[in-house]
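A structural walkthrough
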Amino acid sequence: MESYALLLAATLNAGTVLAIASLGLLINEKVGIVNLGAEGMMLCAAIAGFATVVGTGSDTLGFIAGMAVGAGLAAVFGLLVIWLNTNQYATGLALTLFGTGFSAFVGTRFVQAKIPERESFAIPGLADIPWVGSALFRHHPLVYLTVLFALGLIWFLYRTRSGLILRSVGESPESAHALGYPVRMIRLAAVATGGALCGLAGAYLSVVYTPLWVEGMVAGKGWIALALTTFATWRPARVLLGAYLFGGVTMLQFHLQSIGVDMPSQFLSTLPYLATIVVLALISRNPQWIRVNMPASIGKPFYPGA
């Protein structure tokens, strides 16, 4: 039973990285912007957060640094695609390539660095419950805050006037513009917010999840986060569920190895990506379902006054 408790705990940890990044990308896509630069932003934020914690010893400052880097890179991306109408997909890919190379260059001196030891996190009383305590109540506070943020995002998007305006920008930017809403500024704010969340995911990865810096350590999680938004049909609750599902698949490879399953490690390492492909293939069998849920203007430029 203890091994399954550890698997569940590892699933929540791995899923948190994907959930934070996916929720940020969902906000982007709700206003009609597709940012393929998630991988690059997460890598730059990971080294920024790790370097900050090494220098200051503060996890909080590390998270803030990661969010600032993610938001800054996303803002540059937003200025290019929203004001200059560059191709969203090409610009996002360029951001990923830049982030991959830049983080590797900057992170060279931090490869052997170590962050200060921290106290283990536990919820008093609940953490001592057999099996359940180690599985659910010994996580970093950000794990629980991610769930609360997802619930808050549901409330914001579907229960507030601001959320309605944000969704209207993604559904019909021309109509929102005709009503006097600053479509470009709303899109830029959403893109920067999504970038900050991707940055937080990257910082969490290098500061908490695997407290070290290794070149390319995001290892495709940015791409999985992008796929998750489609898998969840742009719904925050489904994003959360999908993130933990994919986190479980990621951790399953280590669990199978630990219990002695005789399978090639290379095959087990491909499980998260195989799961991503299978899920997207299954969803794509019903294009109408995607079309109904997908923001109408996603990936399309906006020309005010056109």
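Figured I'd write up the structure that's included with this text. (Residues numbered from 1 in each chain as written. Predicted model: local features only at pLDDT ≥ 70, side-chain atom pairs only at ≥ 80, totals over all residues. Heavy atoms only, no water.)

Description of the packing of aromatic side chains
Within this structure, the stated rule accounts for two aromatic pairs. Consider the rings of F98 and F102, whose centres lie 5.3 Å apart with planes at 15 degrees: the pair is stacked. With F98 and F102 both in helix α4 (residues 88-106) and four residues apart, this pair spans about one turn of that helix. For F98, a relative accessible area of 42% corresponds to the partly exposed category. Aromatic side chains F231 and F246 sit 5.8 Å apart centroid to centroid with 85 degrees between the ring planes, which places their arrangement in the edge-to-face category. Taken together, the residues F231 in helix α10 (residues 221-231) and F246 in helix α11 (residues 236-258) connect sequence positions 15 residues apart. The class of F231 is partly exposed, set by a relative accessible area of 21%. (Phe/Tyr/Trp six-rings, centres within 6.5 Å; stacked < 30°, edge-to-face > 60°. Helix = DSSP H or I, 4+ residues; strand = E, 2+ residues; numbered from the N terminus. Buried < 20%, exposed > 50% of the residue type's maximum accessible area, 1.4 Å probe, protein only.)

As for the packing of helix α2 (residues 38-56) against α10
Orientation of α2 relative to α10, taken along the N-to-C sense of each, is 135 degrees, at an axis distance of 7 Å. In terms of orientation, α2 and α10 fall into the oblique class. For the crossing formed where α2 meets α10, the hand is right-handed. Every residue of α10 that contacts α2 at A38, E39 and M42 is listed here: K221, G222 and W223. Residue composition of the contact of α2 with α10, by class: three nonpolar, one polar and two charged. (Axes fitted to C-alpha atoms, helices over the stretch in contact; angles between N-to-C directions. Parallel < 35°, antiparallel > 145°, perpendicular 65-115°, else oblique. Left-handed = near helix turned anticlockwise from the far one by under 90°. Contact = heavy atoms within 4.5 Å. Nonpolar A, V, L, I, M, F, W, Y, C, P; charged D, E, K, R; others polar.)

Re the nonpolar core
Membership of the largest hydrophobic core comes to 76 residues, with the highest contact counts inside it found for F63 and W213. If you tally residues by element for this core, the top one is helix α9 (residues 183-209), at 14 residues. Sequence-distant contacts of F63, that is, excluding residues within four places in its chain, are made with H140, L142, L200, A203, Y204, V207 and V208. (Core = buried A, V, L, I, M, F, W, Y, C linked by side-chain atoms within 4.5 Å.)

A short note on the side chain of K221
Within the secondary structure, K221 sits in helix α10. Although K221 is buried, it makes no salt bridge; E39 carries the closest opposite charge, 8.0 Å away. For K221, the contacting residues outside a window of four places in its chain are V17, L18, E39, M42, L205 and Y209. (Lys, Arg positive; Asp, Glu negative; His and termini not counted. Salt bridge = Lys/Arg side-chain N within 4 Å of Asp/Glu carboxyl O.)

A closer look at unusual backbone geometry
One non-glycine residue with positive phi stands out, namely N85, at about 55 degrees. By the secondary structure assignment, N85 is in the loop between α3 (59-83) and α4. One non-glycine residue, T233, adopts positive backbone phi at about 45 degrees.

A closer look at a nonpolar patch on the surface
Together, V76, L79, L80, W83, L84 and M185 make up an exposed nonpolar region whose accessible area comes to about 560 Å². For the nonpolar patch, the element with the most residues is α3, which contributes four residues. Along the polypeptide, W83 turns up in helix α3. With a relative accessible area of 34%, W83 lands in the partly exposed category. (Patch = residues over 30% accessible without salt bridge, like charges linked within 9 Å, V, L, I, M, F, W, Y side chains within 5 Å. Areas by Shrake-Rupley, 256 points an atom, 1.4 Å probe, with all protein chains shown as cover.)

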